[in-house]
Amino acid sequence: MPQIWEIVGGADKGGILVRDGQALKSHALEERLSTGAEVEETEQAGDRLKYRLKSGSGPPEGWISIRISGKELALPKPSGEVAAPAATVEAGGGGKRPGLARRVG
């Protein structure tokens, strides 16, 4: 399963810089990758990460730095982290209805 990363840097600049190549001197894209975005790793080379956008705004793919001068710009999400399934609750009469107080299962 590919590693998912969360963008944590760039809040003061409207996101982090994305380049079209691995090299730090490659062309910088006009649009930034938004803080809070989630990306899927497609390749990693040291502190450089090639990604595919999963959620948030920014270029659909490109290269980013995961840290600069000791400051983290992107952090890997724990591999087991998934959205919690919707809870099924049991009503007092034995029927199942959403939005009541007791979780089953």
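Everything numeric in this text was worked out from a predicted model, so none of it was measured. (Residues numbered from 1 in each chain as written. Predicted model: local features only at pLDDT ≥ 70, side-chain atom pairs only at ≥ 80, totals over all residues. Heavy atoms only, no water.)

Colleague: What should I look at first to understand the overall build of the chain in this one?
Modeller: The secondary structure content of the chain amounts to zero helices and nine strands. Along the chain, helices (α) and strands (β) appear in the sequence β-β-β-β-β-β-β-β-β when read from the amino end. Residues classed as buried in the chain amount to 29% of the 105 residues present. If you take every contact in the chain between residues at least 6 apart in sequence, the share linking residues at least 24 apart comes to 44%. Total accessible area on the chain stands at roughly 6800 Å², and carbon and sulfur atoms take up 51% of it. (Helix = DSSP H or I, 4+ residues; strand = E, 2+ residues; numbered from the N terminus. Buried < 20%, exposed > 50% of the residue type's maximum accessible area, 1.4 Å probe, protein only. Contact = heavy atoms within 4.5 Å. Areas by Shrake-Rupley, 256 points an atom, 1.4 Å probe, with all protein chains shown as cover.)

Colleague: Would you take a moment to explain the environment of L17 for this structure?
Modeller: Counting through the fold element by element, L17 comes out in the loop between β1 (4-7) and β2 (38-45). Spatially, the C-alpha atoms of L17 and L33 are 6.6 Å apart, while their sequence positions differ by 16 residues. Not counting the four nearest positions on each side in its chain, L17 is found in contact with A28, L29, R32, W63 and I64.

Colleague: What's the story with the sheet that holds strand β3 (residues 48-55) in this structure? I'm lost.
Modeller: Across a sheet, strands are paired by hydrogen bonds formed along the backbone, either parallel or antiparallel in direction. Across the sheet, which stays open at both edges, the five strands sit in the order β4-β3-β2-β1-β7 with antiparallel pairing between neighbours. The sheet is open, and its two edges are formed by β4 (61-65) and β7 (74-76), each paired on a single side. Neighbour to neighbour, the strand axes of the sheet diverge by 45° on average, direction disregarded. (Pairing = 2+ DSSP bridges. Axes fitted to C-alpha atoms, helices over the stretch in contact; angles between N-to-C directions.)

Colleague: How do you make sense of the environment of Q44 when you look at a structure like this?
Modeller: By the secondary structure assignment, Q44 is in strand β2. The class of Q44 is partly exposed, set by a relative accessible area of 37%.

Colleague: Just to check I follow, could you spell out the pairing of β4 for this structure?
Modeller: Every other side chain in a regular strand lies on the same face of the sheet, so the side chains alternate between the two faces. With four of five residues buried, β4 lies mostly within the body of the structure. Taken together, the five bridges between β3 and β4 define a ladder with antiparallel strand orientation. Residue pairing across strands places R48 opposite S65, the latter belonging to β4.

Colleague: Which parts of the structure should I look at to understand the pattern of salt bridges?
Modeller: Side-chain pairs of opposite charge can arise whenever the charged atoms involved come near each other. Under the defined criterion, the tally for this structure stands at five salt bridges. Measuring nitrogen to oxygen at the nearest pair gives 2.6 Å for the salt bridge that ties K77 to E38. Here K77 is found in the loop between β7 and β8 (88-89), whereas its partner E38 is found in strand β2, with 39 residues between them in sequence. Exposure remark for K77: the relative accessible area of 17% places this residue in the buried category. Judged by its relative accessible area of 23%, E38 falls in the partly exposed class. E40 is the salt-bridge partner of R52, the closest N and O atoms lying 3.0 Å from each other. Linking R52 in strand β3 with E40 in strand β2, this pair joins segments that are 12 residues apart in sequence. According to the relative accessible area criterion, R52 is partly exposed, its value standing at 41%. The network of salt bridges with common partners includes E40, R52 and K54. (Salt bridge = Lys/Arg side-chain N within 4 Å of Asp/Glu carboxyl O.)

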